[in-house]
Amino acid sequence: MKESSTILAMASDHGGFEMKEFLKKKLIEAGYKIKDFGTHSEESVDYPDIIHPLAKAINNGEYKIGIIMCGSGNGAQIVANKYPNVRAGLCWNEEQTMLIRLHNNANILSLPGRFIPFDQAWKMVEIFLSTDFEGGRHVQRVDKISKIL
Ligand code: RB5
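A. Region of interest: the overall build of the chain. For the chain, the helix and strand inventory stands at 6 helices and 5 strands. Counting from the amino terminus, helix and strand elements in the chain follow one another as β-α-β-α-β-α-β-α-β-α-α. Relative to the compact-globule value of 15 Å for 149 residues, the chain shows a C-alpha radius of gyration of 14 Å, a close match. For the chain, the proportion of its 149 residues judged to be buried stands at 47%. When contacts within the chain are restricted to residue pairs at least 6 apart in sequence, those whose partners lie at least 24 apart make up 70%. Working note: accessible area of the chain is about 7600 Å², and carbon and sulfur atoms make up 51% of it. Of the charged side chains in the chain, 18 are positive and 18 negative; the average position of the first set lies 7 Å away from that of the second.

Shown next, in the form of C-alpha cells:
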C-alpha cells in the first residue's frame with residue numbers, strides 16, 4: 001500500500017478540484033506517480049462523468065488505489081461504490097481514514113473538498129497510504145460485502 005512506486009488514481013469534480021491539485025502536488029513531491037482522471041479546471045462538471053472512469057479502472061485492476069473528491073465527498077463515493085471490486089470510504093478525519101483501511105480494506109478514499117482543511121486532507125491521505133488491512137475478523141465481513149447481494 002505504501003510503496004511510492006505505486007501509481008495512484010485521482011479524480012474530482014469542480015468541487016474537489018482545488019483539493020485534488022493540492023494533494024497531487026504533495027504526492028508527487030513524496031515520490032508517487034499519479035494518473036489524473038480530471039477534472040482539470042474549476043468549470044462545473046457532473047461528478048459521475050469524472051468518477052466512473054476512475055472507478056472502472058480500479059474495478060478492473062488497472063490501478064490499485066484511488067483518491068477522489070467532490071464538494072461533499074458523497075457523490076464521488078456513491079458513484080465509486082457501484083463497482084463490485086471498489087470499496088470507497090468517505091472520510092472527514094484521520095481516525096475514520098485509518099478505520100477504512102484497518103477494517104474495510106478500502107481501495108478508494110473519498111474526501112469532502114469543500115468541508116475540511118487541505119492540510120488535514122493531506123494527513124488523511126498519508127494515513128490512507130500507510131495503513132494496512134487488519135485482516136482477522138474483518139476478512140469475512142469484507143468478503144460478505146460482495147458475496148451477499
Ligand atoms: C457540486 O456542486 C456538488 O454537488 C458536488 O461536488 C458534490 O458535493 C456532490 O455530491
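B. A look at the side chain of arginine 101. In this fold, arginine 101 is placed in helix 4 (residues 94-102). Buried arginine 101, no salt bridge; nearest opposite-charge side chain is aspartate 132, N-O distance 4.6 Å. A distance of 2.8 Å separates the side chain of arginine 101 from the backbone oxygen of threonine 131, its partner in a polar contact.

C. Looking closely at the site of the ligand. Close contacts around the ligand come from Asp13, His14, Tyr47, Cys70, Gly71, Ser72, Gly75 and Arg114, and that covers them all. Take glycine 75: an N or O atom from its main chain is 3.0 Å from an oxygen atom of the ligand. Here the ligand has 290 Å² of accessible area as a free molecule, and 69% of this is covered by the chains. A per-class count over the shell around the ligand returns 2 nonpolar, 4 polar and 2 charged.

D. Molecular detail of the environment of phenylalanine 128. Here phenylalanine 128 shows up in helix 5 (residues 118-130). Using a relative accessible area of 0% as the deciding quantity, one classes phenylalanine 128 as buried. Along the chain, phenylalanine 128 and alanine 106 lie 22 residues apart, while their C-alpha atoms are 8.8 Å from each other.

E. A look at the nonpolar core. Ranked by internal contacts, the top residues of the largest apolar core, which has 21 residues, are Leu23, Leu27, Ile67, Leu111, Val125 and Leu129. The set of elements that each furnish at least two residues to this core consists of strand 1 (7-12), helix 1 (14-29), strand 3 (65-70), strand 5 (108-112) and helix 5. Ranked by residue count, the leading element in this core is helix 5, at 6 residues. Not counting residues up to four positions away in its chain, the partners in contact with leucine 23 are Met10, Met69, Leu111, Phe118, Ala121, Trp122 and Val125.

The rules behind the values
- Residues numbered from 1 in each chain as written.
- Predicted model: local features only at pLDDT ≥ 70, side-chain atom pairs only at ≥ 80, totals over all residues.
- Heavy atoms only, no water.
- Helix = DSSP H or I, 4+ residues; strand = E, 2+ residues; numbered from the N terminus.
- Rg over C-alpha atoms; globule rule 2.2 N^0.38 Å.
- Buried < 20%, exposed > 50% of the residue type's maximum accessible area, 1.4 Å probe, protein only.
- Contact = heavy atoms within 4.5 Å.
- Areas by Shrake-Rupley, 256 points an atom, 1.4 Å probe, with all protein chains shown as cover.
- Lys, Arg positive; Asp, Glu negative; His and termini not counted.
- Charge placed at Lys NZ, Arg CZ, Asp CG, Glu CD.
- Salt bridge = Lys/Arg side-chain N within 4 Å of Asp/Glu carboxyl O.
- Polar contact = N/O pair within 3.5 Å; in protein donor to acceptor, adjacent residues only side chain to side chain.
- Near = heavy atom within 4 Å.
- Nonpolar A, V, L, I, M, F, W, Y, C, P; charged D, E, K, R; others polar.
- Core = buried A, V, L, I, M, F, W, Y, C linked by side-chain atoms within 4.5 Å.

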